[in-house]
Every structure is written in C-alpha cells, then in structure tokens.
Amino acid sequence: MKRIAVHTNLRELRANAGLSLTAAANLTGVSKAMLGQIERQESSPTLDTLWKLAKGFQIPLTALIRAPEGANEDSTFRFTDELTVKTMLPFDKDLGTESFLLTLPAGHKHISEPHEAGVSEDIFALTGPIEVFTNGEWQKIAAQTAIRIPADQRHGYRNPSKIPLQFLNVIYYAGPPAKE
C-alpha cells in the first residue's frame, strides 16, 4: 500500500486538531505506538485501522488516503495480499458520499467492522459475482447488479471466483456531512 499520503494526512489531521499521540489514540482506538509507526512510515495500516482513524476523527476515508495536494499520484492503495482500493470520487460534503473501485483477489474476503451509525454502502458488482456479508449472512450478487447494505454493522465482501473481482463501493454518511 502507498503510505506517503496516509502518514502525511494523519500527521496533518492530528496537528490541526492539536492532539498528542496519546490523545489521538484515545480518540480513535488505535494505539499510540501504531499511530507513531504510521506517521513515521514504519507500518502500513490495515483498512480496518484506517476506518478506526476516520471514525475517531469524524472524517471520510478519503481524507486519510488522498494524495497530498499538488502530488501527481493516483489514489490506488493496495493492502497486504487483500483488497485494492482506488478513490473514484473523493468525499463530497454536500452529498455526504465518497466512491471507490475495489479489487479483491480470487478466493479472498474482507470483513469490515461497523462504521458510524446510519452509514450505508452501495455495492455494484462489475467483473463477476460477489458475495456480500450483511445482516449476519452471505448473499451472492450477480455481475452487473447492485445491492445497498447497512454499513453501521459488521459487513464484508468475498470473491468466490478464480480471478480478481472488481466492484464499485459508494459510501453514504448519515446525518450532517462529515468534516473534510
């Protein structure tokens, strides 16, 4: 996974909020040691860790994974032998949404812990069928179809095929839009 944007964005968020590593750890549930390692580029955060940070700072995920302003980089992040996440549309504060293209290797799955209350996701299967974990069970979604799921509960994605699977994920934040 690219780390330059994450470490820079995390450090900026923490500095702008006037938080020490200890205070940021208390706010996010991510250990002080891990926060320091991420900021020093000694560790690559998992997607679950990024979601904890986003939830704690009350920001959209793209606020953490966007490229620094003026950088000529795409916004694709590969998590260790798992999911690849590419920002398609960054957080829109007026709509309260952000959109991603996700690629899941053959036979892999990703389970997400609950996001904030009221958050939902649209999953659009592009290149093949996907299995989506929602409401405590796996549902198979055919290629070129979609499903809306509550993301404020444990949810996930599983690739049952023998080739990588791509799907679009649109996240809808509930209530007043999150801060940018």
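Placed above this text is the structure.
The structure presented is a predicted model; accordingly, all values stated were derived computationally and were not measured.

Draft legend 1. Expanded view of the overall build of the protein chain. Check the secondary structure of the protein chain and you find five helices and 10 strands. Put simply, 66% of the contacts in the protein chain that link residues at least 6 apart link residues at least 24 apart. Put simply, the protein chain shows about 9100 Å² of open surface, and 51% of that area lies on carbon and sulfur atoms.

Draft legend 2. Layout of helix 3 (residues 32-39). Buried within helix 3 we find Leu35, Gly36, Ile38 and Glu39. For helix 3, the angular spread of the buried residues around the axis is 160°, confining them to a single face. Following helix 3 by one or two positions, glutamine 41 has its phi on the positive side, about 60°.

Draft legend 3. Up close: the environment of alanine 54. Take alanine 54: it is sitting in helix 4 (residues 47-57). Sequence-wise, alanine 54 and leucine 10 are 44 residues apart; in three dimensions their C-alpha atoms are separated by 9.7 Å. Not counting chain neighbours up to four residues away, the residues in contact with alanine 54 comprise Ile59, Pro60, Leu61 and Leu64.

Draft legend 4. Structural context of the packing of aromatic side chains. Per the counting criterion, the structure on display carries three aromatic pairs. An angle of 80° between the planes, with centres 5.7 Å apart, marks the rings of phenylalanine 91 and tyrosine 173 as edge-to-face. Residue phenylalanine 91 is located in strand 2 (residues 84-92), and its partner tyrosine 173 is located in the segment after strand 10 (165-172); the two are separated by 82 residues in the primary sequence. Like tyrosine 173, phenylalanine 91 is buried. The ring of tyrosine 172 has arginine 148 sitting right over it, with the charged end atom 5.2 Å from the ring centre. Taking the ring centre of tryptophan 138 as reference, the NZ or CZ of arginine 158 above it sits at 4.0 Å.

Draft legend 5. Broad picture of the sheet that holds strand 5 (residues 120-125). Sheet architecture is open: six strands sit in the order 1-2-3-10-5-8, paired in antiparallel fashion. Of all strands in the sheet, those with a lone pairing partner are strand 1 (76-78) and strand 8 (146-150), marking the two edges. Averaged over all pairs of adjacent strands, the angle between strand axes in this sheet comes to 25°, irrespective of strand direction. Relative to strand 3 (residues 97-104), strand 2 is paired through six bridges, and the arrangement is antiparallel. Paired with threonine 87 across the strands is phenylalanine 100, a residue of strand 3.

Draft legend 6. How the structure looks around the side chain of serine 112. Note that serine 112 resides in strand 4 (residues 109-112). We classify serine 112 as buried; its relative accessible area is 2%. A polar side-chain atom of serine 112 sits 3.3 Å from a polar atom in the side chain of histidine 110.

Draft legend 7. Broad picture of helix 2 (residues 21-28). Within helix 2 the residues assigned to the buried category are Ala24, Ala25 and Thr28. An end-on view of helix 2 places all buried positions within 105° of arc, on one side of the element.

Parameters at a glance
- Residues numbered from 1 in each chain as written.
- Predicted model: local features only at pLDDT ≥ 70, side-chain atom pairs only at ≥ 80, totals over all residues.
- Heavy atoms only, no water.
- Helix = DSSP H or I, 4+ residues; strand = E, 2+ residues; numbered from the N terminus.
- Contact = heavy atoms within 4.5 Å.
- Areas by Shrake-Rupley, 256 points an atom, 1.4 Å probe, with all protein chains shown as cover.
- Buried < 20%, exposed > 50% of the residue type's maximum accessible area, 1.4 Å probe, protein only.
- Arc of directions from axis to C-beta.
- Phe/Tyr/Trp six-rings, centres within 6.5 Å; stacked < 30°, edge-to-face > 60°.
- Lys NZ or Arg CZ within 6 Å of the ring centre and 35° of its normal.
- Pairing = 2+ DSSP bridges.
- Axes fitted to C-alpha atoms, helices over the stretch in contact; angles between N-to-C directions.
- Polar contact = N/O pair within 3.5 Å; in protein donor to acceptor, adjacent residues only side chain to side chain.

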